[in-house]
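If you want the building blocks of each chain, they are given just below.
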Amino acid sequence: MHLISQDIQQVHAGDEHFVIQEGESIHTENSYKYSLEEFYNLVEDRFKAEKVWTDSNDWFSVHFLSVK
């Protein structure tokens, strides 16, 4: 997803400072569609699945992972 800045903006994040120009596209999100099993297969080498929350159809999920 991209947002388009409607005005010039200054953003501070930690020690970083960014200027976003009017009309500049800001990439804010990537959305990927995986089954729960496909997602776990993607992350299992580096992360341990601690907990998952899903909707009643398992169409949407939020995962709590810890580093192995």
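Observations concerning the layout of surface pockets
Where empty space is left becomes clear once a probe the size of a water molecule has been rolled over the atoms. Of the voids in this model, the largest pocket is the one considered here, and its volume is about 380 Å³. In this structure, the largest pocket is lined by 14 residues; those nearest its centre are Tyr32, Lys33, Tyr34, Trp59 and Ser61. For the lining of the largest pocket, the elements supplying multiple residues, two or more each, are α1 (36-43) and β6 (61-67). A class-by-class count of the residues in the lining of the largest pocket yields six nonpolar, six polar and two charged.

Here's the deal with the environment of Phe39
By the element assignment, Phe39 lies in helix α1. Considered as a pair, Phe39 and His63 are 24 residues apart in the sequence and their alpha carbons are 9.6 Å apart. Setting aside its immediate chain neighbours within four residues, Phe39 contacts Tyr34, His63 and Leu65.

Regarding the side chain of Ser5
Here Ser5 shows up in the loop between β1 (2-4) and β2 (9-13). With relative accessibility at 4%, the residue Ser5 sits in the buried group. A polar atom in the side chain of Ser5 sits 2.4 Å from the backbone oxygen of Asp7. Not counting residues up to four positions away in its chain, the partners in contact with Ser5 are Ile20, Gln21, Glu22, Gly23, Glu24 and Ile26.

Rules behind the numbers
- Residues numbered from 1 in each chain as written.
- Predicted model: local features only at pLDDT ≥ 70, side-chain atom pairs only at ≥ 80, totals over all residues.
- Heavy atoms only, no water.
- 1 Å grid on protein atoms, 1.4 Å probe; cavity = no way out; pocket = protein on both sides within 12 Å on 5 of 7 lines; lining within 4 Å.
- Points joined across faces, edges and corners; volume = space filled by probe spheres on them.
- Helix = DSSP H or I, 4+ residues; strand = E, 2+ residues; numbered from the N terminus.
- Nonpolar A, V, L, I, M, F, W, Y, C, P; charged D, E, K, R; others polar.
- Contact = heavy atoms within 4.5 Å.
- Buried < 20%, exposed > 50% of the residue type's maximum accessible area, 1.4 Å probe, protein only.
- Polar contact = N/O pair within 3.5 Å; in protein donor to acceptor, adjacent residues only side chain to side chain.

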